[in-house]
Amino acid sequence: MKKFKNKGKDSTARRRQRVEVSMELRKAKKDEQILKRRSISFSLVDESLSPEDKKEIIQLSLEEIVEAVNGSDRELQLQAVQDIRRMLSKQNDPPINQVIELGIIPRLVEFLGHDDDPFLQFEAAWALTNIASGTSDHTRAVVEAGAIPPFISLLSSPHMHISEQSVWALGNIAGDGPTYRDALINCSVIPPLLALVSPVTPVNNLLCLNSSSSLGVGFLRNITWTISNLCRNKNPYPPLDAVKKMLPVLLYLLENDDKDIISDSCWAFSYLTDSTNDRIQIVVDTGILPRLVELMGSPEMMIMTPALRAVGNIVTGTDEQTQAAIDAGVLAALPRLLRHPKQAIQKEAAWTLSNIAAGPSQQIQQLITCGLLPPLVELLDKGDFKAQKEAVWVVANLTTGGTVEQVVELVQSGVLKPLLNLLLVKDSKTLLIILDTITNLFKAAKKLGVTDRLCLLVEELGGLEKMEALLTHENNIVYEAALIIMEKYFCFE
Amino acid sequence: MELSDANLQTLTEYLKKTLDPDPAIRRPAEKFLESVEGSQNYPLLLLTLLEKSQENVIKVCASVTFKNYIKRNWRIVGILVEDEPNKICESDRVAIKANIVPLMLSSPEQIQKQLSDAISIIGREDFPQKWPDLLTEMVNRFRSGDFHVINGVLRTAHSLFKRYRHEFKSNELWSEIKLVLDAFALPLTNLFKATIELCSTHANDASALKVLFSSLILIAKLFYSLNFQDLPEFFEDNMETWMTNFHSLLTLDNKLLQTDDEEEAGLLELLKSQICDNAALYAQKYDEEFQPYLPRFVTAIWNLLVTTGQEVKYDLLVSNAIQFLASVCERPHYKHLFEDQNTLTSICEKVIVPNMEFRAADEEAFEDNSEEYIRRDLEGSDIDTRRRAACDLVRGLCKFFEGPVTGIFSGYVNSMLQEYAKNPSVNWKHKDAAIYLVTSLASKAQTQKHGITQANELVNLTEFFVNHIQPDLKSASVNEFPVLKADGIKYIMIFRNQVPKEQLLVSIPLLINHLQAESIVVHTYAAHALERLFTMKGTNNTTLITAAEIAPFVEVLLTNLFKALTLPGSSENEYIMKAIMRSFSLLQESIIPYIPSVITQLTQKLLAVSKNPSKPHFNHYMFESICLSIRITCKANPDAVGSFEEALFMVFTEILQNDVQEFIPYVFQVMSLLLEMHKNEIPSSYMALFPHLLQPVLWERTGNIPPLVRLLQAYLERGANTIASAAADKIPGLLGVFQKLIASKANDHQGFYLLNSIIEHMPPGSVDQYRKQIFILLFQRLQNSKTTKFIKSFLVFINLYCIKYGALALQEIFDSIQPKMFGMVLEKIIIPEIQKVSGQVEKKICAVGITKILTECPPMMDTEYTKLWTPLLQALIGLFELPEDDTIPDEEHFIDIEDTPGYQTAFSQLAFAGKKEHDPVGQMVNNPRIHLAQSLHKLSTACPGRVPSMLSTSLNAEALQYLQGYLQAASVTLL
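All values derive from a computational prediction rather than experimental measurement.

Draft legend 1. Structural context of the overall build of chain A. For chain A, the helix and strand inventory stands at 31 helices and 0 strands. Buried positions account for 57% of the 493 residues belonging to chain A. Of the contacts made within chain A by residues no fewer than 6 positions apart, 74% connect residues no fewer than 24 positions apart. With the model as given, the accessible surface of chain A reaches about 19900 Å², and the carbon-plus-sulfur share is 54%.

Shown next, in the form of structure tokens:
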């Protein structure tokens, strides 16, 4: 027999994807993963492999540099490229534009092909990495000079530091956006990149190739970061077959014990899941959910943040996908995050919860059983505005999809007072959702024959006067929603 | 129209005429202007006039006319609306947009405001896509240095951007805001800084300062609009500039800007008030980013409060400032800013107590504007008052500091009461403040209906009541210290749930006595308090105060209530009328001895107010009181209905004849009530009115529809036979009403109520000839606009029809419209939609009707309809067992706002005119599940073997299980 559990919209329609409005007025988020990175320190690699650097450094003028780079003297070429690289590695305000204006990028790209001169190759790769780390225009200058194919070839360079530098450069190019990301994928960047870290080649083997073990970790970090950039961005999403190739490696990387590697792998999962349901399914099918949920409990912000994001994205999917996350224990991990001192985490956790609350009543029951209502009410009462907004969504979804008993439990947990207090917020959409929620509560009360008691409660908690105030709200839809409730439940005793 | 001098002259003359007080001159001129609105160049002629006319009055008139013209015509309604063509031609649009900004900026202020409004109307439609230059044009003017021009730009920008404060987030909106921010944010910031600098260079120039402060107010408003949706990157980066300057403006004072006016807020107050709003916005929405600035603002705003005077002009500023503190102090991470005992004491002493004082302005309102005073004091429409804000701050502080705050205030209350005791006639205001403080401190939750429902346990309310409230009310003179009397009565009202019942009973005669007070506030409060006390619930859903307990006071109560209506200023006092209604309702038969006098007074009142109905609530309660008089009396003595008709019909006739629109719906309801009281055939006096009720003009007004339908239902219930025999020619008119109602999405359920009454009560022969037509009408509506509400009503109707006329008749009438129609209705409507039917009676009707179709309709057993038999049975079992399907298709979301109407006319605006729920199948079927089992049993006896085989082939297992349960309960088996 037909059931009518999910009234109105089904859960898919109630789940809210990460981006409702692609337009942003805010500053870019501070907790995002870095898109592009510049290599600024004189790392060990540099010191150990370029003994010449230790000599007194003779700085060439810009004219001399251009001349040297375009000339045929290998010594001078190397020195010029080194000078450029040093300029670009300055801590502050690297002169990327100036270097581009010198018109020497095609030449630097050409040097990447000098397999006979690894020093020059390395210096050129480094310089180009730092140019590509700039704005989109800067990256374009590198790509349009034809740097992609030689960099991909250099992934397989016998010299580990050159291979690593190329990974870095390619990461910067991939981080620019979907166009260059796909350009790299079309140039077959993935097989040689993954070969560097293939699970059949344990990390130890990689390390053996190098004298220093810290280099190994650094290299693996770079690879992970570049892979994550290849998973990143939408419109379009990265090609499916590429994703399928990268997934096993990411699974493997997620088991590493270096926190940067775990963090970047988690970011990669968060990108892959910020997507359509069939793509979420591919990730869920790998069986990674328990690990991601475990990492949501990590004390490291850099790991917990992207793990939470990834899981949050997964529960925007189908009921089954959400169930998989519940089975992996997400509900046990959320209370702590809802109470996290960082507001951004509270907000993200509440968003995640709102999508679980959008599910069928069995999932709502699990949410209640796992004790999510008390932290939800706390957040609604005391959270920062962004988190409160998400918490309102949780409540709205619970009252839409929950059974009457579940709605009763919600009210008994004290949700009404903070919810009604929020009728003062300066955000029309949130007001409307609260009013919808109040309507849902009244529907449930009607079924139980306790409309009067709810009326009383709403008025006691100051909800009535706040709704009265909304009758002068400028937004017509908000005004009407308030009016309907007032007329229906409060007009006459 | 050409842009010629002749046309300008003509237009000038007509504009002049539109200002003429004589409608005979004014109206034709307005008509003429409307008739030329669609002509090309008309708006440009107006613009020319408002710029160049010699007469100022024509300039202003032209600007107003222009604004209204833009308001009516600029928006191009969707292409679909053919009767609203685009009245403004494209070239005029372009010309207007090209000229209006400079014109606005060069105009004097009066005209500037009109043009600024016009720009924002145009902007709402055209900005930004179709008016790309607007922003640059405006921003360029910032550099003019002419603050008359700059203020014009700012004002226009404010009217363009203020919608960002309330619109929903959307891609479109945000891209517009982004565009505005890119072009506007930096110049605005620079202008802000420059203006502030100019303020200090012109610190001694009053007229320059006024202009500059007007700019600052507008800039602060723009800041609010631009920052409302989200914190823009630009403003986050420039928070230091904005907040530092806002902060210093809050602390700024300049003698030159102080105004002498006590009422009207000056520029300084308006600016600071807006800054409080801006800070509150940031504190609420962008807490993380604003945190570093917040403590400074708390201190500044608090100092502002301590130094601001009691004058009315500061009210908005003070209440905004207090509200800011109230919202901040209850956030956990700012708790520390208030925690210190000295801070708390200082807030209580210097911010809260002074703002709770009864001011001269309050005293004035109490005496001269009591209606407004009552509204603010009693109904909580005091959102912007200082007292209210102070109360909110008390409640906010109590969230974390209830103990200390109560402690501080207890001391205050005691000292104020002591002051009062020393010399009551001089110091009565101290007691007022003390009572107010106790009230705000003690009340944690409050409702109109129940008063305070949760009180702070630290205040002993009964003690205070006995020691300080009752003595005032017991004093010999009801007119002494009216404010304290009102305070005392209000105290009873709001703490009625906390004060023990015996104390309330002691208070009742005191309250009745105060109905005689001269002060409007005092006798109104007394009436209101009595009404509230009479509404209190005791155990077992009875009233707390019983009729027996009031018995000794009935006479004096009724006398004083009606006498209070004769006191000056209270002739239409809704509180008194409501108290009358409530007293009737409580006292029931003990009022019968007084009814003759009461009904005379009520009809006189009715006659008087019907000349000019102005107090809707008063009128409503008056009609409720009339209904109660009728009910209570006729319950004891049904024959008394005649005397009511005698007393009321004359006034009713006058109301109907004079078409007193406000009262007509009430009259119909009272008439319904009276008619339903009759036990025998309908009296001829009602039948004489019947044809008038069918007049289309009555049905034009939506407010008439529910009570009229109700009244016609009463006619059908009592007089169906009389109508069939004596007024058969009116049946088409009756059906005409049905047809009109059914065509409307809003009123179709009313049409069904009427139709159902016709089917239920009219002798079948009298409607035979119309039946097919009725079904055809319903099908047309189904085809044209099918809504969930319509389907639900339709289902109830066809099942009622089936019950009344038989299942076979139902099948035949469908199939007579179109062959196989019955099957289609079953398959497409009944089976899939039956789960949506709501309401006990409605569900029962459907259950019985469907049972009949299943068991008493031969074609269901032996034609192609047979395949629908099992699905129909399954649907019926679903109706019994599954939760109601209250889903509504998305596109209907906004239509169905009036909820699911009941089978009965849900319109019960007069609560005491309502009738009992009517169940047309009540006697016939008691338990529809058992009825189904029995009917199936009967059917299976008639054709053994068929029913079990149909069940076993396709009935869902779960449904079968339920069915077996019904059969068991009915103790029958299927053969």
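Draft legend 2. Up close: the pattern of salt bridges. Residues and elements named next belong to chain B. One pass over the structure, following the stated rule, counts 54 salt bridges over all chains. For the salt bridge of Arg75 with Glu125, the shortest nitrogen-to-oxygen distance reads 3.6 Å. Of this pair, Arg75 sits in the loop between helix 4 (56-73) and helix 5 (90-106) while Glu125 sits in helix 6 (residues 109-126); the two residues are 50 residues apart in sequence, bridging distant segments of the chain. By relative accessible area, Arg75 is classed as exposed at 56%. Lys836 is the salt-bridge partner of Glu833, the closest N and O atoms lying 3.3 Å from each other. Pair check on accessibility: Glu833 and Lys836 agree, each one buried. If you follow the salt bridges from partner to partner, you end up with Arg124, Arg163, Glu167 and Glu176 in one network.

Draft legend 3. Molecular detail of the packing of helix 39 (residues 771-784) of chain B against helix 41 (residues 807-817) of chain B. Residue and element names in this part refer to chain B. The geometry of helix 39 relative to helix 41 is characterised by a closest axis approach of 10 Å and an angle of 65° between their N-to-C directions. The orientation of helix 39 relative to helix 41 falls into the category roughly perpendicular. For the element pair helix 39 and helix 41, the recorded crossing hand is right-handed. For the pair formed by helix 39 and helix 41, the contact residues are Arg771, Lys772, Phe775, Ile776 and Phe779 on the first element and Leu810, Ile813, Phe814, Ser816 and Ile817 on the second. Among the residues forming the contact of helix 39 with helix 41, the class breakdown is 7 nonpolar, 1 polar and 2 charged.

Draft legend 4. Structural detail: the environment of Phe142 of chain B. Residues and elements named next belong to chain B. When you line up the elements, Phe142 lands in helix 7 (residues 134-142). As for Phe142 and Asp20, which are separated by 122 residues in sequence, their C-alpha atoms are 41 Å apart. Once you skip the residues sitting within four places of it in the chain, Phe142 turns out to touch Ile150, Val153, Leu154, Phe184, Pro187, Leu188 and Leu191.

Draft legend 5. A look at the environment of Phe562 of chain B. Residues and elements named next belong to chain B. Checked against the element boundaries, Phe562 lands in helix 27 (residues 554-564). Taking the C-alpha atoms as reference points, Phe562 and Met577, separated by 15 residues in sequence, lie 8.6 Å from one another. Not counting residues within four places of it along the chain, the set of residues in contact with Phe562 comprises Ile580, Phe584, Val598, Gln601 and Leu602.

Draft legend 6. Molecular detail of a negative patch on the surface. Residues and elements named next belong to chain B. Where like charges cluster on the molecular surface, the negative patch consists of Asp260, Asp261, Glu262, Glu263, Glu264, Glu364, Glu367 and Asp368. Note on placement: Glu262 falls in the loop between helix 12 (239-251) and helix 13 (267-285). Under the relative-accessibility criterion, Glu262 is labelled exposed at 51%.

Draft legend 7. View of helix 47 (residues 946-954) of chain B. All names here are of chain B. Every buried residue of helix 47 is listed here: Val947, Met950 and Leu951. Taken around the axis of helix 47, the buried residues stretch over an arc of 100°, which confines them to a single face. Within helix 47, the exposed residues directed more than 90 degrees away from the buried face are Ser952 and Thr953. Against the buried residues of helix 47 lie helix 44 (859-862), helix 45 (869-881), helix 46 (928-942) and helix 48 (957-969).

Draft legend 8. Up close: the nonpolar core. Core analysis: the biggest nonpolar cluster contains 351 residues, and Phe161, Phe184, Phe324, Tyr715 and Trp869 of chain B have the highest contact counts within it. Per-element accounting of this core gives the leading share, 15 residues, to helix 20 (residues 386-422) of chain B. Discounting chain neighbours no more than four positions away, the residues touching Phe324 of chain B are Cys276, Ala279, Ala280, Ala283, Leu294, Phe297, Val298 and Ile301 of chain B. Counting residues in each nonpolar core, the second largest holds 158 residues, with Leu112, Val167, Leu247 and Tyr271 of chain A among its members.

Draft legend 9. Molecular detail of the packing of aromatic side chains. Under the definition given, this model contains 49 aromatic pairs over all chains. Both rings, one in Phe234 of chain B and one in Phe235 of chain B, keep their centres 5.4 Å apart while their planes meet at 85°; by these two values the pair is edge-to-face. For Phe234 of chain B, a relative accessible area of 22% corresponds to the partly exposed category. Judged by its relative accessible area of 1%, Phe235 of chain B is buried. Chaining the aromatic ring pairs together yields one cluster made of Phe192, Phe223, Phe234, Phe235, Trp242, Phe246, Tyr282, Tyr286, Phe290, Tyr293 and Phe297 of chain B. Across the ring face of Trp126 of chain A, the terminal group of Arg85 of chain A is positioned such that the distance to the ring centre comes to 4.1 Å. Over the face of the ring belonging to Phe228 of chain B we find Lys285 of chain B, whose NZ or CZ atom lies 4.5 Å from the ring centre.

Parameters at a glance
- Residues numbered from 1 in each chain as written.
- Chains lettered and ligands numbered in written order.
- Predicted model: local features only at pLDDT ≥ 70, side-chain atom pairs only at ≥ 80, totals over all residues.
- Heavy atoms only, no water.
- Helix = DSSP H or I, 4+ residues; strand = E, 2+ residues; numbered from the N terminus.
- Buried < 20%, exposed > 50% of the residue type's maximum accessible area, 1.4 Å probe, protein only.
- Contact = heavy atoms within 4.5 Å.
- Areas by Shrake-Rupley, 256 points an atom, 1.4 Å probe, with all protein chains shown as cover.
- Salt bridge = Lys/Arg side-chain N within 4 Å of Asp/Glu carboxyl O.
- Axes fitted to C-alpha atoms, helices over the stretch in contact; angles between N-to-C directions.
- Parallel < 35°, antiparallel > 145°, perpendicular 65-115°, else oblique.
- Left-handed = near helix turned anticlockwise from the far one by under 90°.
- Nonpolar A, V, L, I, M, F, W, Y, C, P; charged D, E, K, R; others polar.
- Patch = residues over 30% accessible without salt bridge, like charges linked within 9 Å, V, L, I, M, F, W, Y side chains within 5 Å.
- Lys, Arg positive; Asp, Glu negative; His and termini not counted.
- Charge placed at Lys NZ, Arg CZ, Asp CG, Glu CD.
- Arc of directions from axis to C-beta.
- Core = buried A, V, L, I, M, F, W, Y, C linked by side-chain atoms within 4.5 Å.
- Phe/Tyr/Trp six-rings, centres within 6.5 Å; stacked < 30°, edge-to-face > 60°.
- Lys NZ or Arg CZ within 6 Å of the ring centre and 35° of its normal.

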